[in-house]
Amino acid sequence: MNGSLAALAELDGIAAAAVAAPGLDVAIAVPATLIAPAAARVPGLAIGAQDVHPADKGAHTGCISVGLVQEAGARFSIVGHSERRADCHETDAEVKAKAEALHRGGLGAILCVGETLDERDAGRADAVVTGQLAASLPEGAAADWLSIAYEPVWAIGTGRTPTVTDVAAMHGAIRARLRDLIGAEADAVRILYGGSVTGDNAAELLGAGDVDGALVGGASLTAAKFVPIIEAAQGLA
């Protein structure tokens, strides 16, 4: 629940940085009320939603469908973000259904998975994350519309980040489980890292094995913080 019509001015600098990095895909997932004005303001920047309902339409007061966000100008949506899983008690089955709804509607999906600190400390991180992946993975999963985002819950907004070795190991585990689930197509699916990504640590994190991009949280709220991440990624491209 961040952003406002006035804050959309930040998109100008982000869009300019994206144009200057033609080898990268840069996207912003904004609150639903800002999708239409954001898409109109920066037509060259991919604008997405932060969540969708799995049903195409119906009596679901307060929810928003794939068709509605698409009509507003969204090209993709995040699904299964840890805050949705925790605060709204979303199950893997619901996350899977949302991703499948996005595919039906012709939009991309960023599917989030991640463990809590208690789960990591208990030595269950790999099992939790790969289990979420298997249970949340939509039918027809393919690289042309689906990305996976690994977000260690304990690193989101805390300033704490896993070591590069930890990130590479988890992304490798995700890739291996994807191969079990969808075969060779798994090698083309982007696996993004999300958890306190900043301009200072982006190059190191993006340089870890099997890291194909970043799912950026707080640092995406301003061009001053987000552009250095784009520049770091461009330097590795």
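Each remark here, short or long, concerns the structure printed above.
Residues numbered from 1 in each chain as written. Predicted model: local features only at pLDDT ≥ 70, side-chain atom pairs only at ≥ 80, totals over all residues. Heavy atoms only, no water.

1. With respect to the environment of T130
1) Next: Mapped onto the elements of the fold, T130 is located in helix 7 (residues 125-136).
2) Next: A polar contact is formed between the side chain of T130 and the backbone oxygen of D126, at a distance of 2.7 Å. (Helix = DSSP H or I, 4+ residues; strand = E, 2+ residues; numbered from the N terminus. Polar contact = N/O pair within 3.5 Å; in protein donor to acceptor, adjacent residues only side chain to side chain.)

2. So, the pattern of salt bridges
Opposite charge on two side chains makes pairing possible when the charged atoms of those side chains draw close.
1) Next: Counted under the stated rule, the structure contains 14 salt bridges.
2) Next: The partner of R179 in a salt bridge is D187, and the shortest N-O contact between them spans 2.7 Å.
3) Next: Residue R179 is classed as partly exposed on the basis of its relative accessible area, which comes to 42%.
4) Next: The partly exposed category is assigned to D187, whose relative accessible area is 46%.
5) Next: The network of salt bridges with shared partners includes D51, R84, E90 and K98. (Salt bridge = Lys/Arg side-chain N within 4 Å of Asp/Glu carboxyl O. Buried < 20%, exposed > 50% of the residue type's maximum accessible area, 1.4 Å probe, protein only.)

3. Let's talk about the packing of helix 1 (residues 10-19) against helix 10 (residues 223-236)
1) Next: Where helix 1 contacts helix 10, the axes come no closer than 9 Å and their chain directions differ by 10 degrees. What the angle tells us is that helix 1 and helix 10 run roughly parallel. Viewed along their axes, helix 1 and helix 10 form a crossing whose handedness is right-handed. Facing helix 1, whose interface residues are E10, G13, I14 and A17, helix 10 presents A223, F226, V227 and I230.
2) Next: The class makeup of the residues in the contact of helix 1 with helix 10 is six nonpolar, one polar and one charged. (Axes fitted to C-alpha atoms, helices over the stretch in contact; angles between N-to-C directions. Parallel < 35°, antiparallel > 145°, perpendicular 65-115°, else oblique. Left-handed = near helix turned anticlockwise from the far one by under 90°. Contact = heavy atoms within 4.5 Å. Nonpolar A, V, L, I, M, F, W, Y, C, P; charged D, E, K, R; others polar.)

4. What about the sheet that holds strand 2 (residues 46-49)?
1) Next: Spatial ordering of the open sheet is given by 1-2-3-4-5-6-7, a layout of seven strands whose pairing is parallel. Among the strands making up the open sheet, the edge pair consists of strand 1 (27-29) and strand 7 (213-214).
2) Next: Sheet analysis places strand 1 next to strand 2, joined by three bridges and oriented parallel. If you follow A29 over to strand 2, its bridge partner there is G48.
3) Next: Each of strand 3 (76-79) and strand 4 (108-113) is contacted by helix 5 (residues 92-105), which is oriented at about 175 degrees to strand 3, the strand it contacts most. (Pairing = 2+ DSSP bridges.)

5. A closer look at the side chain of R175
1) Next: Summarising the element assignment, R175 is placed in helix 8 (residues 164-182).
2) Next: Reaching out from R175, the side chain makes a polar contact with the backbone oxygen of A186 at a distance of 2.9 Å.
3) Next: Among all residues touching R175, those that are not within four sequence positions of it are A186, D187, V189, I191, D210 and D212.

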